[in-house]
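Architecture at a glance
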Amino acid sequence: MSSSEHSSRPVSRDRRTDSAESDNESSQGQSAQQQKKHPYVTYRSLASSQLEAGPSMLNEYFAQQPKRDLYEPPSEHNNDEQTQQEQNRDETDTPPPQAIQQQGSSSRQGPAAAALLRSRQGLGVSNGSEREAQDHQSEIESLPVTSARVTQGAGILPSVDEDALAADPNIDDDVTGRRIENEIRRLMQQVQLSDESAEVRGMSERPEELQGIAQALVTCMELRDKYMEVSQQQERANYKNTKEWEIYPPPPKPVWNNFRRRSSCTPTVSFDMADCEIPEDDGCTFEMGADGLYAVYEQNDGEKIQFTNAPSIKEFYMDLDYLLDTISDGPIKTWAFQRLRYLDARWQLYILLNEREETMQSKLVPHRDLYNVRKVDGHIHLAAAMNQKHLLRFIKYKLRTEPDRPVIVRDGRTLTLREVFQSLNLTAYDLSIDTLDMHAHKGAYHRFDKFNLKYNPIGESRLREIFLKTDNYTDGEYFAQITKEVISDLEQSKYQMAEYRVSIYGRSLDEWDKLAAWVVDNKIFSSNVRWLIQVPRLYNVYRAGGLVENFEQVLVNLFQPLFEVTKDPSSHPKLHVFLQRVVGFDSVDDESKPERRLHRKYPLPRDWTQQGNPPYTYYCYFTMANLCALNQWRTRRGFNAFVFRPHSGEAGDTEHLAAAFLTAQSINHGILLRKVPALQYLYYLQQIGLAMSPLSNNALFLVYERNPFNTYFQRGLNVALSSDDPLQFHFTKEPLMEEYSVAAQIWKYSSVDMCELAMNSVIQSGFEAEIKRHWIGRDYLETGQTEVHKTNVPLCRLNYRSKTLEQEHALIAKMTKHKV
């Protein structure tokens, strides 16, 4: 056969197809011809679809999958529906025998599938049916080329009277959004990456070694699950995420109903201490044991029975040693590195095939874009939450309007604000951004001590005490006023939230009551704000200053007021109200400080009397272990539980990340995970949240272009952007958007990428489940799935992330059963 004859066959086939299609079109009615004139789907037509409201597309997808255990390998099965559709295909769509011969046994269509088929044939890779017939029991072959399945659908929606739609009380945002998801599923071209075999190929290790690798990884994940369960840091275990939990003041109601109809707005409820319910004493008792851990007892027939438990320090360090041995094992490091490289390549292939698809799906979602999806700044310190210009303007205003107000006591003498600045030889006119000198752009790189000094305006600690402290001569009035101004800016943006960190040092027992009184008396409550308690690791400073005699006193000052208010909220009513908005605890300080292990076995807290500071792991254990008893008691009483979200992996030893893997729900920073591939892979498998701040890292420890944030994101780690310290690192009144904009410019992020980061920030946050359901999805807490009309993250992106993670777990499950 000549080349000209061979090339003429597809042309003749196209002509036959065109003629058949024209005959078919001529036989259709006038309504179908009218629909041809309107090929575009509008938002209103999507909202007026007559489809039934049901679960989201992803929930339907997972509901259709066969039920199996998490660590059971996925079974291979054929799509009977697709096969039936191919058999019922019209004769005019049937390719000639030559085309069938070229396609072989593959039923895939489209240019990407054709290119993939040619590359597979060129590489000598057989098709699916032939590959399944081969025997793989005796050797490990290379990974199969990832295939692409393409399905396509189209349709035009009927028009509905909009006045009747607006008057329908049964149509709301959720119903409309779910109809949009179903229409996206039907209208858009679905491209799915599949790696159905989930087999381990191309590895140099023997099957016995792979089985040992998988068993070690599974053991590490089980250790983390044990600590998360006993400390009740799991989201579903927190009582505030139940339907019985009441949020006061309540969050504002949605302004829009059905995307275009204003709802009846109710006035915002302001905080009133008299409206807060204060429970009574439950009769239980508590005490700290010799091991430095609190225990809670109940009375039963005159006998004290302990109902709280926590892992011992010996058990913790044995588990930590096992984890450290696992992540430093050579074969495990190699295997984890290869899996991370595979995730990189898989992401690149996915983006090449689906970038246009994601853009089209996001355009079909009404109202939502980067500015209109919820974003939570999960790592920001309240003392640095404002920018320099805001603080400068506030200081000048107070110096001009309240110059004669007493603000501080120095050397037994009370000084006014005017006298403070006269002692500095400064006037309001002299102040400027350069005079404040609070930016950490130069001189602070790898100098955390200099960075801490940047918290002092003009380098003077007295100004920090006056304007940026909650416990001072004015009872933190100035700090409360500027905090309210910052929160007001946050509320005006509407879609930006923050979890502010305030300090409890552990120097005295009354710190908690003072902080709670500062929040409650100044009514610093907002639906956009939740609180975290940061505990500086400064025992050595307190010990040198004579404030404490041993480490146990720090633990008592930190936890005893919390146990007292849990036992009897009326003993600390303001603290009880404040704790309802507290998410958890953070551990902060310079991680780059060297930690020399002087003890083969660490002493107990009451015996830690030396001047040296305990190591990072010591702080982590005693924070988590005391949270175990506290959370168990608070859950039993119907109070909210607390989580542990420390700074970890910013600098210093990678052992910090291992300790956080066992004890923390999520962490801040985590840039050192790039040096520990096995631990990074475990963080991915467990989807541990990483609130990262590239601009902060750029000024302190790692230049921006070397930051691993983008690598983590592409691999599928649960990462989110945060601002850390806007006072030192940012210039605008929206520091979180500044982080997003810089990341988008440096790493070429699309709108879909940034919306996914925003969704991750909500998932990591400690806001109540009722609020999260409104922000990212009605069934979020029960199924873990979000909804595209709330997050603007396309279904194909969500499907890719969930399927990739599921296959990694299935791969490890298959390795543990020695079926590689």
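Residues numbered from 1 in each chain as written. Predicted model: local features only at pLDDT ≥ 70, side-chain atom pairs only at ≥ 80, totals over all residues. Heavy atoms only, no water.

Counting residues in hydrophobic clusters, the biggest one holds 197 residues, and the most contacted among them are Y500, F578 and Y683. A total of 13 residues in this core trace back to one element, the largest contributor, which is helix α24 (residues 616–637). If near-sequence neighbours (up to four positions away) are discounted, Y683 is found in contact with L657, A660, F661, I667, L673, I688, L690 and L717. (Core = buried A, V, L, I, M, F, W, Y, C linked by side-chain atoms within 4.5 Å. Buried < 20%, exposed > 50% of the residue type's maximum accessible area, 1.4 Å probe, protein only. Helix = DSSP H or I, 4+ residues; strand = E, 2+ residues; numbered from the N terminus. Contact = heavy atoms within 4.5 Å.)

A few words now on the confidence of the model for the protein chain. Taken as a whole, the protein chain shows an average pLDDT of 80; of its residues, 73% reach a score of 70 or greater. No element of the protein chain has a lower mean pLDDT than helix α3 (residues 43–47), which averages 34, and none a higher one than strand β14 (residues 643–644), which averages 98. The low-confidence segment residues 258–263, where pLDDT is below 50, has 28 contacts with residues more than four positions distant or belonging to other chains. (pLDDT = per-residue confidence, 0-100.)

Spatially, the four strands line up as an open sheet ordered β15-β16-β17-β18, and their pairing is parallel. Single-partner strands in this sheet number two, and they are β15 (647–648) and β18 (719–721). Summarising the sheet, strand β17 (residues 689–692) and β18 pair through three bridges and their orientation is parallel. Within β18, the position partnered with L690 by the bridge is V719. Together, β17 and β18 form the strand contacts of helix α31 (residues 751–764), whose direction differs from that of β18 by roughly 105°. (Pairing = 2+ DSSP bridges. Axes fitted to C-alpha atoms, helices over the stretch in contact; angles between N-to-C directions.)

Let us look at the side chain of R530. Following the sequence through the fold, R530 ends up in strand β12 (residues 529–536). A distance of 3.5 Å separates the side chain of R530 from the backbone oxygen of S526, its partner in a polar contact. (Polar contact = N/O pair within 3.5 Å; in protein donor to acceptor, adjacent residues only side chain to side chain.)

Cis rather than trans, the peptide bond between Y248 and P249 has omega equal to -10°. The backbone of D437 sits at a positive phi, close to 55°, despite the residue not being glycine. Summarising the element assignment, D437 is placed in the loop between α16 (433–436) and α17 (448–453). One non-glycine residue, H669, lies in the positive phi region at around 80°. Structurally, the position occupied by H669 is in strand β16 (residues 666–669). A residue is classified by how much of its surface remains accessible, and H669, at 0% relative accessible area, is buried.

Let us look at the side chain of N707. Here N707 lies in the loop between α27 (694–700) and α28 (709–715). Within the structure, the side chain of N707 is placed 3.2 Å from the side chain of N697, a separation counted as a polar contact. Residue contacts for N707: discarding those within four places in its chain leaves I671, M692, P694, N697, L702 and W747.

A separate point is the sheet that holds β14. An order of β8-β11-β12-β13-β14 is seen for the five strands of this open sheet, with the pairing classed as parallel. Both edges of this open sheet fall to β8 (375–381) and β14, since each of them pairs with a single strand only. Two elements, β12 and strand β13 (residues 582–588), share six bridges in a ladder whose sense is parallel. Of the residues in β13, the one forming a bridge with I533 is F585.

The next point concerns the pattern of salt bridges. Counting across every chain of the model gives 31 salt bridges. Put simply, R637 and D282 hold a salt bridge, and the shortest N to O gap is 3.9 Å. With R637 in helix α24 and D282 in the loop between β4 (261–262) and β5 (285–288), the pair connects residues that are 355 residues apart, well separated along the chain. A residue is classified by how much of its surface remains accessible, and D282, at 29% relative accessible area, is partly exposed. Of the charged contacts, one joins R715 and D344 as a salt bridge, the two residues approaching to 3.0 Å between their closest N and O atoms. In this pair, R715 sits in helix α28 while D344 sits in helix α13 (residues 330–363), placing the two residues 371 residues apart along the sequence. The exposure class assigned to R715 is buried, which follows from its relative accessible area of 12%. When its relative accessible area of 16% is taken as the criterion, D344 is described as buried. Via salt bridges that share partners, E358, D753, E756, R797 and R801 belong to a single interconnected network. (Salt bridge = Lys/Arg side-chain N within 4 Å of Asp/Glu carboxyl O.)

This part takes up empty space enclosed by the protein. Per the counting criterion, the structure on display carries seven cavities of 30 Å³ or more. The space that makes up the largest cavity amounts to roughly 210 Å³. Looking at the lining of the largest cavity, the elements with two or more residues in it are β8, α19 (477–493), β11 (496–503) and α30 (735–747). Considered class by class, the residues forming the lining of the largest cavity number ten nonpolar, five polar and four charged. Taken as a whole, the second largest cavity spans an internal volume of roughly 120 Å³. If you trace the second largest cavity, you find 17 residues lining it, with V535, F551, L558, Y619 and T623 closest to the centre. When residues of the lining of the second largest cavity are traced back to their parent elements, those giving at least two are β12, α21 (539–544), α22 (551–567), β13 and α24. (1 Å grid on protein atoms, 1.4 Å probe; cavity = no way out; pocket = protein on both sides within 12 Å on 5 of 7 lines; lining within 4 Å. Points joined across faces, edges and corners; volume = space filled by probe spheres on them. Nonpolar A, V, L, I, M, F, W, Y, C, P; charged D, E, K, R; others polar.)

This next bit is on a positive patch on the surface. Together, K314, R597, R600 and K601 make up a positively charged patch on the protein surface. The topology assignment puts K314 in helix α12 (residues 313–327). (Patch = residues over 30% accessible without salt bridge, like charges linked within 9 Å, V, L, I, M, F, W, Y side chains within 5 Å. Areas by Shrake-Rupley, 256 points an atom, 1.4 Å probe, with all protein chains shown as cover. Lys, Arg positive; Asp, Glu negative; His and termini not counted. Charge placed at Lys NZ, Arg CZ, Asp CG, Glu CD.)

Enumeration according to the criterion identifies 44 aromatic pairs in this entry. Arranged with centres 5.8 Å apart and planes meeting at 70°, the rings of W347 and F713 form a pair that is edge-to-face. Taken as a pair, W347 in helix α13 and F713 in helix α28 lie far apart in primary sequence, 366 residues in all. Comparing W347 with F713 shows no difference in burial state: the two are buried. With a centroid separation of 5.4 Å and 25° between ring planes, the pair formed by F479 and W518 is classed as stacked. Of this pair, F479 sits in helix α19 while W518 sits in helix α20 (residues 511–521); the two residues are 39 residues apart in sequence, bridging distant segments of the chain. What makes F479 buried here is its relative accessible area of 3%. One aromatic cluster in this structure is built from Y227, F316, Y317, Y539, F551, Y602, W608, Y618, Y619, Y621 and F622. (Phe/Tyr/Trp six-rings, centres within 6.5 Å; stacked < 30°, edge-to-face > 60°.)

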